[in-house]
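Each chain is listed here by its residues.
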Amino acid sequence: MRTPNSPHISGRWRRIGSAAAATGALLIAGLGTAAHADAATPHKVSSKAIAAAVAKAHVQYSSVCGTTPKKGYAACNALRVTGGTTAFQEEQAVKKGVRPATVSPKASSADPTGYGPADLQDAYGLTAASANNGSGQTVAIVDAYDDPNAAADLATYRSYYGLPACTVANGCFKKVSQTGSTTSLPTANSGWAGEISLDLDMVSAIAPNAHILLVEAKSATDANLGTAVNEAVKLGAKFVSNSYGGSESSSDTSYDSSYYNHPGVAITASAGDEGYGAEYPAASKYVTAVGGTALSTSSNARGWTETVWKTSSTEGTGSGCSAYDAKPSWQTDTGCTKRMIADVSAVADPATGVYDSYGADGTGWNTYGGTSASAPIIASVYALAGTPGSSDYPSQYPYLDTSALNDVTSGNNGTCSTSYFCTARTGYDGPTGLGTPQGLAAFGG
């Protein structure tokens, strides 16, 4: 349930969070790789100096889809960084021997302030797979309302990072309403438009060879969003990402059977951005519930490290034991008799967020975070791994090969009576599930 507990700002976006506490524990922020990135020669600096710089990171961010949705509605889980300095910027500055620039969301062009495709691919062991896999697959993005700039923002992001063009004209990108119409589209909404562009960019970053289908629900009701999921599957998508959620209700089990029960289709859903507490549709037993991490580079063998994303007691990845949904047979933790959230996770902390081509004013670049970033990342990893078995529920795949995941063992997203519901540990835990991708082995049948 989305219950903001932070100061208010004017305009569409209401909640602002400070990520200083989350970044203080990070070791080293990631190196961005944009085609147009600053080419200044890096200075030789020690890991200690970089860690000290990263600890200074402090960002403010806003929830682009507003406050708590009323019963029967969902809100998107995208968080837009509106000010401060990201861990990424702090690292780049100390390497170049300059003062860090602050986030400028309305810049018409700028150097990256968050992770790009090469960073994400490297962090999750996907560099070769992203280059070679995904052709012939379609990843569907389901969101509410229309993003009139979706195709243009997608083109900007892919061009900037040197990714193959994905356009309506070349057959790679298609946008439809929940009824499948390409012409009768929902009303535009700037908050959800930011969500949409983030989702499209994350698919591009992980699976640049895949086609992208955007299905826009006419409103953010559970029924309309669910109808859009059905339309995505009807149109042939085997991978469907849902970056939204709302409070659980007794209607969820009926929504399960009506909208999310699609054998042979990998459906992902964001775990939420409000810290500990279960959301729907992440609680559906038919989806892969995706939690969020703080991601930073490291001197370890992997080159990266992750902790549970938590900014404050009400800002961080969601997790929890469902009140209504039955536990799927492949989920075997013993503390929750019903469905447990999450299954797996990926980067979501706005302080270690991703670079996105959508601006609140329709121009420029932004850094985004939230489990709205992690859900399309995981859907795209499934796409790289190949078409699921026709009778399979792909949410079980990670449980069949847990050794092919990066186990996240530190951090928490709140306080709970059963420790692993909200605290990371070795093996399965609520905030990060079984861990984050380490290549494709855990995401194929």
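Residues numbered from 1 in each chain as written. Predicted model: local features only at pLDDT ≥ 70, side-chain atom pairs only at ≥ 80, totals over all residues. Heavy atoms only, no water.

**Student:** A description of the pairing of strand E5 (residues 138–144) should follow, citing residues and the corresponding values.
**Tutor:** Burial analysis of E5 places 6 of its 7 residues in the buried class, the great majority of the element. The pairing of E5 with strand E7 (residues 211–217) spans 7 bridges and is classified as parallel. Looking across to E7, one finds that Asp143 is bridged to Glu216. As judged from the 4 bridges shared by E5 and strand E8 (residues 239–242), these two strands associate in the parallel manner. Looking across to E8, one finds that Val139 is bridged to Phe239. (Buried < 20%, exposed > 50% of the residue type's maximum accessible area, 1.4 Å probe, protein only. Helix = DSSP H or I, 4+ residues; strand = E, 2+ residues; numbered from the N terminus. Pairing = 2+ DSSP bridges.)

**Student:** Report on helix H7 (residues 190–206), specifying residues and quantitative values.
**Tutor:** The terminal C-alpha atoms of H7, which comprises 17 residues, lie 25 Å apart, in line with the 24 Å expected from a rise of 1.5 Å per residue. Across the 17 residues that make up H7, a large majority, 16, are buried. Where H7 begins, the capping side chain belongs to Asn189, and its oxygen is found 3.0 Å from the backbone nitrogen of Gly191. (Expected span 1.5 Å × (residues − 1). Polar contact = N/O pair within 3.5 Å; in protein donor to acceptor, adjacent residues only side chain to side chain.)

**Student:** So, the nonpolar core: which residues are in play, and what are the values?
**Tutor:** Ranked by internal contacts, the top residues of the largest apolar core, which has 107 residues, are Leu120, Val142, Leu200, Val240 and Tyr260. Considering each element in turn, this core owes the most residues, 9 residues, to H7. Other than its neighbours up to four places away in sequence, Val240 contacts Ala140, Val142, Val229, Ala232, Val233, Val265, Ala266, Ile267 and Thr268. Counting residues in hydrophobic clusters, the runner-up holds 8 residues, among them Val59, Leu79, Ala348 and Ala351. (Core = buried A, V, L, I, M, F, W, Y, C linked by side-chain atoms within 4.5 Å. Contact = heavy atoms within 4.5 Å.)

**Student:** Explain the environment of Val203 to me, using residue names and the numbers behind them.
**Tutor:** Summarising the element assignment, Val203 is placed in helix H7. Sequence spacing of Val203 and Ala375 is 172 residues, and the spatial spacing of their C-alpha atoms is 9.7 Å. In contact with Val203, not counting residues within four places along its chain, are Val139, Ile141, Pro208, Ile212, Pro376 and Ser380.

**Student:** How would you summarise the environment of Pro117 if you had to cite specific residues and measurements?
**Tutor:** Tracing the backbone shows Pro117 in helix H4 (residues 117–123). Separated by 44 residues in sequence, Pro117 and Tyr161 place their C-alpha atoms 7.4 Å apart.

**Student:** Just give me the short version of the sheet that holds strand E9 (residues 244–247), but keep the residues and values in it.
**Tutor:** One open sheet holds the 3 strands; their spatial order is E3-E9-E11, and the pairing between them is antiparallel. Here the strands that pair on one side only, and so sit at the sheet edges, are strand E3 (75–76) and strand E11 (279–280). In the sheet, E9 pairs with E11 via 2 bridges, with the strands oriented antiparallel. Bridging from a neighbouring strand, Ser247 pairs with Glu279 of E11.

**Student:** Please give an account of helix H10 (residues 371–385) that cites residues and values.
**Tutor:** A rise of 1.5 Å per residue sets the reference length of H10, with its 15 residues, at 21 Å; its end C-alpha atoms lie 21 Å apart and thus fit the reference within 8%. Directly after H10, the chain includes Gly386, whose backbone phi takes a positive value near 110 degrees.

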